[in-house]
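So you can see what is in the structure, the chains are spelled out below.
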2 protein chains.
Amino acid sequence: MPDNQERFKMLLRQKGLKVTTQRILILETLEDRPDEHLTAEEIYECVKQENPDIGLATVYRTIQLLSELNLIDKLNLGDGYVRYEIGHHGDDATIHHHHHLICLDCGNVFTFQDDMLETLETRIQDSMDFKIVDHEVKLYGYCRECQKKNQGE
Amino acid sequence: MPDNQERFKMLLRQKGLKVTTQRILILETLEDRPDEHLTAEEIYECVKQENPDIGLATVYRTIQLLSELNLIDKLNLGDGYVRYEIGHHGDDATIHHHHHLICLDCGNVFTFQDDMLETLETRIQDSMDFKIVDHEVKLYGYCRECQKKNQGE
DNA sequence: GTACATGCAAAACATTTGCATCCGA
DNA sequence: TCGGATGCAAATGTTTTGCATGTAC
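Here the structure is a predicted model, which means the values were calculated and not measured. (Residues numbered from 1 in each chain as written. Chains lettered and ligands numbered in written order. Predicted model: local features only at pLDDT ≥ 70, side-chain atom pairs only at ≥ 80, totals over all residues. Heavy atoms only, no water.)

Caption draft 1: View of the interface of chain A and chain B. Contacts between the two partners involve 34 residues from chain A and, on the opposite side, 34 residues from chain B. Carbon and sulfur atoms make up 66% of the area that chain A and chain B hide from each other, which totals about 3100 Å². The three residues of chain A that bury the most area against chain B are Met116, Phe130 and Tyr140 of chain A, which together make up 20% of that side's buried surface. Counting across the interface, chain A meets chain B through six salt bridges. A salt bridge links Arg123 of chain B to Asp114 of chain A; the shortest N-O distance between them is 2.6 Å. (Contact = heavy atoms within 4.5 Å. Buried area = accessible area lost by both parts, 1.4 Å probe. Salt bridge = Lys/Arg side-chain N within 4 Å of Asp/Glu carboxyl O.)

Right, dumping it as structure tokens:
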């Protein structure tokens, strides 16, 4: 399991880019909140507590960098914000994308892992001659709490 | 197989809303291009050919209405535009969501249908106590043409 | 005639960019 | 020192909204 922070520093040096306080703080913010799906604005607010002078533009630029380096994943819940979460890696460098359950009532996002998608991908690959390299699965519905809450209706 | 146009008119009347030329033209535009994933701007350009005085705001307002009435589906390809397509209904009123294959090279979007998701949904429903009502699946990769084109590299 | 719809322009919104200054290597 | 990084403000581009006018019913 590679240390994200060390990897980030290594990748930056490799590209002749600089290791700055801001960049590290932004990565830490995302590492500390592995299942929160933060928006740029939210990341900005978090980092400002440690470094009040940081600018929102720096957050956007760093997010883009982290995304290109495959250290974070984008997530679009269709609410007008792009959200980000730290990448979930396996022992190798392979990214294990998990999937998202989105509650239509409370808006909470739950994650789950399932290997069935791989079977599906193989099938599509064969039948449609389309080479799949990434996927995104979102299931919308009602979480346990909201089902309970609305049972009487 | 219900007629979208008649259904739209019926639903409008039911809600005390009015059947206008603009609303019908926008629905027709989407009906005529069932697999094109149009942006608001593109719909606007199409409708302007029939009705040059239409405003972009009307397109946005109608799209929102059609979306609320479940006559069209939203699709976000992450390119900064929200896209829309006519809903694909079965014999009953059930919406048969198809899935999308997005080529990372040429950007073309292909659709496919697969029932495997239902098995997945049942499993999630049982194991996580989450009642699923809708889903969205996007697979990213390379289409046949682009695979061929880039074979030499 | 009375809502509701429309078109226009202005506003709102997230995100990006230009540029002078700053700072890591 | 020097090229990349930052912060700020301005710009961008999509989508929304306010309001006077138009139109379906």
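Caption draft 2: Spatial organisation of the packing of helix α2 (residues 21-32) of chain A against helix α3 (residues 40-50) of chain A. All names here are of chain A. One way to put it is that α2 packs onto α3 with a least axis distance of 10 Å and a crossing angle of 115°. Handedness of the α2/α3 crossing: right-handed. Contacts between α2 and α3 involve Leu25, Ile26, Thr29 and Leu30 from the first element and Ile43, Cys46, Val47 and Glu50 from the second. (Axes fitted to C-alpha atoms, helices over the stretch in contact; angles between N-to-C directions. Helix = DSSP H or I, 4+ residues; strand = E, 2+ residues; numbered from the N terminus. Left-handed = near helix turned anticlockwise from the far one by under 90°.)

Caption draft 3: Expanded view of the relation of the copies chain A and chain B. For the match of chain A to chain B, the screw axis carries a shift of 0.0 Å, the RMSD comes to 0.2 Å, and the turn is 179°. In the structure described here, the two chain copies are related by an operation that fits a two-fold rotation axis. Rotation axis and chain A: the residue whose C-alpha lies nearest the axis is Val137 of chain A, separated from it by 2.3 Å. Both copies contact each other with a shared surface, as 100% of the interface residues of chain A are interface residues in chain B too. (Least-squares fit on C-alpha atoms with pLDDT ≥ 70 in both.)

Caption draft 4: Representation of the protein's contact with DNA strand C. Around DNA strand C there are 20 residues in total, and Tyr60 of chain A together with Leu17, Lys18, Thr20 and Thr58 of chain B lie nearest to it. Backbone sugar and phosphate groups make up 70% of those atoms of DNA strand C lying within 4 Å of the protein. At 3.4 Å from a base oxygen of DNA strand C is found a side-chain nitrogen or oxygen belonging to Arg61 of chain A. A distance of 2.8 Å separates a base nitrogen of DNA strand C from a polar atom in the side chain of Lys18 of chain B. Listed by contribution, the elements that provide at least two residues to the surface near DNA strand C are α4 (56-68) of chain A together with α2 (21-32) and α4 (56-68) of chain B. (Near = heavy atom within 4 Å. Polar contact = N/O pair within 3.5 Å; in protein donor to acceptor, adjacent residues only side chain to side chain.)

Caption draft 5: Main features of the sheet that holds strand β1 (residues 38-39) of chain B. Residue and element names in this part refer to chain B. One open sheet accounts for three strands, arranged β1-β3-β2; its pairing is antiparallel. Of all strands in the sheet, those with a lone pairing partner are β1 and β2 (72-76), marking the two edges. The sheet contact formed by β2 and strand β3 (residues 82-86) spans five bridges and is antiparallel. The residue of β3 that forms the bridge with Lys74 is Tyr84. (Pairing = 2+ DSSP bridges.)

Caption draft 6: Representation of the pattern of salt bridges. On inspection of all chains with the given rule, the structure shows 18 salt bridges over all chains. Note that Lys138 of chain A and Glu136 of chain B form a salt bridge whose closest N and O atoms lie 3.9 Å from each other. With Lys138 of chain A in strand β6 (residues 131-142) and Glu136 of chain B in strand β6 (residues 131-142), this residue pair bridges two chains. Taken individually, Lys138 of chain A and Glu136 of chain B each receive the classification buried, so the pair is uniform in this respect. One salt bridge in this structure joins Lys148 of chain B and Glu145 of chain B, with 3.9 Å as the shortest N-O distance. (Buried < 20%, exposed > 50% of the residue type's maximum accessible area, 1.4 Å probe, protein only.)

Caption draft 7: Broad picture of the packing of aromatic side chains. Per the stated rule, a full pass over the model turns up two aromatic pairs over all chains. Both rings, one in Phe110 of chain A and one in Phe130 of chain B, keep their centres 5.9 Å apart while their planes meet at 70°; by these two values the pair is edge-to-face. In this pair, Phe110 of chain A sits in strand β5 (residues 109-112) while Phe130 of chain B sits in the loop between α5 (116-128) and β6, so the two residues belong to two different chains. For Phe110 of chain A, a relative accessible area of 28% corresponds to the partly exposed category. (Phe/Tyr/Trp six-rings, centres within 6.5 Å; stacked < 30°, edge-to-face > 60°.)

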